[in-house]
Amino acid sequence: MTTLYFDAALLPEGWAPGVRITVRDGVIAELATGAVRETRDEHHRLGLPGMSNLHSHAFQRGMSGLAEVRGPGSDSFWTWREVMYRFVGRMDADDVEAVAAQAYAEMLEAGFTRVGEFHYLHHDAAGMEYSDIAELAGRIAAAAEITGIGLTLLPVFYAHSGFGGDAPTAGQRRFANDPDSFARLVDASRRILADRAGAVVGIAPHSLRAVTPGELQDILPLAQGGPVHIHVAEQLAEVEACLTWSGCRPVEWLLDNAPVDPAWCLIHATHTSPEELAGIARRGAVVGLCPVTEANLGDGIFPGSSFASAGGHYGIGSDSNVLIDAAGELRQFEYTQRLAGRGRNVMATNGSTGRALFDAALCGGGQALGAGMDGMRLGASADLVSLDMDHPALIGRREDAILDSWIFGARQSVIDCVWVRGKKRVEGGSHLGATVIAARFRRTLEGLLAL
Ligand code: ZN
């Protein structure tokens, strides 16, 4: 049992003074506000709930910064993807685990306490199944265990290189399954995580490019009511190809042909019409925004304020992991809205923008990752963050102004400690295993980049 005392903390109903939390079996078993601090309490000044990172491809952390070089022609998502395919072609199972552990340690240091791993790297470098089809899913689970981050594992179904069932390319052979082998993979993933408290397994049909309608129908029951994530409408070329193939735009096709509901998370949904936005909101699905990656890849700008006005839910993800930073994702999202609309404080309804962004991403991220209750409340997983109130960016700030100054005004991280299921994983801004995890990452990267 652990007891934590925060001078102030952000609860679902708002800021509260004197918050005393008792953690039992990883869960908030008691929560008192206006409480008196007891000598055995671990004391912190400011507490926040941990944020969900709803979309990650952990292995891509290893190639961060390596695709920022222009070739002779114009550069785009598709040339980035070629760099990614070359990098992934060199990785073995140990490499995947080492890079994922580094990514997850960084996520915890950034205030993310759960990750949705959109896991599509399944086979060996020759595209052959490992003797255990879930070998690499197991490596992802191991990286989550080493770092302590909460895991929603989303094994990806990937079968085709384009709309209409085109065969996968050589660069995609490590990702490809048919519905039968995918069912074995999902089963094995459930076995790996069966005894892991708080772990969730969902599924991720990769995109409408990579999955035929028949296959989508075949694999959906494997989700067993858990999360279903899909990349959709990230690129204009994808929208055009979908129109050619089906006469519909990608989100339109999904809403017309798939049982999209609150268990679904539509990743990116960048290029969507007002009707599509309203449709997503009506069905209660979450849009998974990855603003830093979307900016890095030049995807376009999600119509955030129209979606929020339609009552839509969104969360944030670090996707390519080019830079892992919860505050940075929220800031990038708001700033792209400001630039597109030539206005300020776009995503706020009335009052603090930081608070509006934080609350929306906390709630949408929690829904998308299917882990039950989120936020600092009785019965929820004790996934908590404390901030360093001596940080120059936070001096004299109270309540919502703390979130605004963290998201928009802090050059270095303001995060002090991070707990997952009540176990402290980050202290003084550093992951408690950072030295060992970073040393292994260094050896791995030096090996991969020497090839
Ligand atoms: Zn992605």
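Just so you know, these numbers come straight off a predicted model, no measurement behind them.

Please provide a residue-by-residue account of the packing of aromatic side chains, values included.
Applying the stated criterion across every chain, the model contains twelve aromatic pairs. Ring geometry for Phe59 against Tyr120: centres 5.7 Å apart, planes inclined by 80°, an arrangement best described as edge-to-face. Of this pair, Phe59 sits in the loop between β5 (51–56) and α1 (77–89) while Tyr120 is found in the loop between β6 (112–119) and α3 (135–147), placing the two residues 61 residues apart along the sequence. Of the two residues examined, Phe59 and Tyr120, each falls in the buried class. Every member of this aromatic cluster is reached through a ring pair, and the members are Phe59, Tyr85, Tyr120, Tyr158 and Phe175.

Report on the sheet that holds strand β13 (residues 313–316), specifying residues and quantitative values.
Across the sheet, which stays open at both edges, the four strands sit in the order β10-β11-β12-β13 with parallel pairing between neighbours. Looking at which strands have only one partner, the edges of the open sheet turn out to be β10 (228–232) and β13. Sheet twist, expressed as the mean angle between neighbouring strand axes with direction ignored, is 30°. Alignment of strand β12 (residues 286–289) against β13, held across four bridges, turns out to be parallel. Considered in β13, the bridge of Val287 is made with Tyr314. Running at roughly 90° to β13, helix α12 (residues 353–369) makes contact with β10, β11 (264–268), β12 and β13 of the sheet.

Give a detailed account of the nonpolar core, specifying residues and quantitative values.
Grouped burial of nonpolar side chains is what soluble globular proteins tend to show. Ranked by internal contacts, the top residues of the largest apolar core, which has 130 residues, are Leu48, Tyr104, Ile203, Leu254, Trp264, Leu387 and Trp406. Take this core: its biggest share by element is ten residues, from helix α2 (residues 93–109). Residues Leu4, Phe6, Leu384 and Cys417 belong to the second largest nonpolar core, which totals 14 residues.

Before we move on, can you summarise unusual backbone geometry with the specific residues and values?
With a phi close to 55°, Ala233 is a non-glycine residue in the positive phi region. Tracing the sequence through the fold places Ala233 in the loop between β10 and α6 (236–246). Residue Ala233 is classed as buried on the basis of its relative accessible area, which comes to 0%. The phi dihedral of His268 falls on the positive side, at around 80°, and the residue is not glycine. Position of His268 among the secondary structure elements: in strand β11.

Please provide a residue-by-residue account of the state of the cysteines, values included.
Scanning the entire structure with this criterion turns up zero disulfides. You can see Cys265 has no disulfide; the closest cysteine sulfur is in Cys290, sitting 8.2 Å from it. A relative accessible area of 0% means that Cys265 is categorised as buried. Counting only cysteine sulfurs, Cys265 is the nearest neighbor of Cys363, a cysteine outside any disulfide, at a range of 13 Å.

Before we move on, could you go through the environment of His160 and cite the residues and values that matter?
Looking at the element boundaries, His160 is found in the loop between β7 (150–157) and α4 (179–193). Overall, the relative accessible area of 13% leaves His160 in the buried class. In the structure, His160 is positioned eleven residues away from Gly171 in sequence and 12 Å away in space, judged by C-alpha atoms. In this structure His160 touches Gly165, Asp166, Pro168, Gln172, Arg209, Ala210, Val211, Thr212 and Glu215, once residues within four positions along its chain are discounted.

Pulling in residues and values, what's your account of the sheet that holds strand β4 (residues 42–49)?
If you walk across this open sheet you meet the eight strands as β3-β2-β1-β4-β14-β15-β16-β17, and the pairing is mixed. If you trace the sheet from one side to the other, it starts and ends with β3 (27–32) and β17 (430–431), each paired once. Relative to β4, strand β1 (residues 2–11) is paired through five bridges, and the arrangement is parallel. By the bridge assignment, Ala9 is partnered in β4 with Gly47.

I'd like a description of the coordination of the zinc ion, backed by residues and values.
In this structure, His55 (NE2), His57 (NE2), His231 (NE2) and Asp319 (OD) serve as the protein donors to the zinc ion, at separations of 2.1 to 2.6 Å. With four donor atoms in place around the zinc ion and angles of 83 to 172° between them, the coordination shape is irregular. The class of His57 is buried, set by a relative accessible area of 3%. When its relative accessible area of 9% is taken as the criterion, His231 is described as buried.

How would you summarise the domain arrangement of the protein if you had to cite specific residues and measurements?
Frequently, the measure chosen for interface size is the accessible area removed from exposure when the parts meet. According to the domain assignment, the protein contains domain 1 (2–49 + 377–435) and domain 2 (52–368). Computed from C-alpha coordinates alone, the two centres of domain 1 and domain 2 are separated by 28 Å. Taken together, the contacts link 26 residues of domain 1 with 27 residues of domain 2. Summed over both partners, the interface of domain 1 with domain 2 buries about 2100 Å², with 65% contributed by carbon and sulfur atoms. Considering only the surface of domain 1 that becomes buried against domain 2, Ile407, Phe408 and His431 emerge as the three largest contributors, covering 30% of it. Run the count over domain 1 and domain 2 and you get one salt bridge. Linking domain 1 to domain 2 there are six residue pairs in polar contact (both at pLDDT 80 or more). Elements that contribute at least two residues to the side of domain 1 that touches domain 2 include exactly β2 (14–24), β4, β14 (384–387), α13 (400–409), β15 (415–420), β16 (423–427) and β17. The greatest single-element share of the side of domain 1 that touches domain 2, amounting to six residues, is contributed by α13. Residues of the side of domain 1 that touches domain 2, tallied by class, amount to 16 nonpolar, five polar and five charged.

Would you mind going over the pattern of salt bridges in detail, with residue names and values included?
All told, the structure shown has 22 salt bridges when counted by the stated rule. For the salt bridge of Asp374 with Arg377, the shortest nitrogen-to-oxygen distance reads 4.0 Å. For Arg377, a relative accessible area of 33% puts it in the partly exposed group. Between Arg398 and Glu399 there is a salt bridge; the shortest N-O distance is 3.7 Å. Through salt bridges with shared partners, a single network forms among Asp94, Glu97, Glu135, Arg139 and Arg440.

Calculation rules
- Residues numbered from 1 in each chain as written.
- Predicted model: local features only at pLDDT ≥ 70, side-chain atom pairs only at ≥ 80, totals over all residues.
- Heavy atoms only, no water.
- Phe/Tyr/Trp six-rings, centres within 6.5 Å; stacked < 30°, edge-to-face > 60°.
- Helix = DSSP H or I, 4+ residues; strand = E, 2+ residues; numbered from the N terminus.
- Buried < 20%, exposed > 50% of the residue type's maximum accessible area, 1.4 Å probe, protein only.
- Pairing = 2+ DSSP bridges.
- Axes fitted to C-alpha atoms, helices over the stretch in contact; angles between N-to-C directions.
- Contact = heavy atoms within 4.5 Å.
- Core = buried A, V, L, I, M, F, W, Y, C linked by side-chain atoms within 4.5 Å.
- Disulfide = S-S within 2.5 Å.
- Donors = N, O, S within 2.8 Å, 3.2 Å for Na, K, Ca; no water.
- Tetrahedral: all angles 85-135°; square planar, octahedral: opposite > 155°, others 65-115°.
- Domains from an automatic or database assignment.
- Buried area = accessible area lost by both parts, 1.4 Å probe.
- Salt bridge = Lys/Arg side-chain N within 4 Å of Asp/Glu carboxyl O.
- Polar contact = N/O pair within 3.5 Å; in protein donor to acceptor, adjacent residues only side chain to side chain.
- Nonpolar A, V, L, I, M, F, W, Y, C, P; charged D, E, K, R; others polar.

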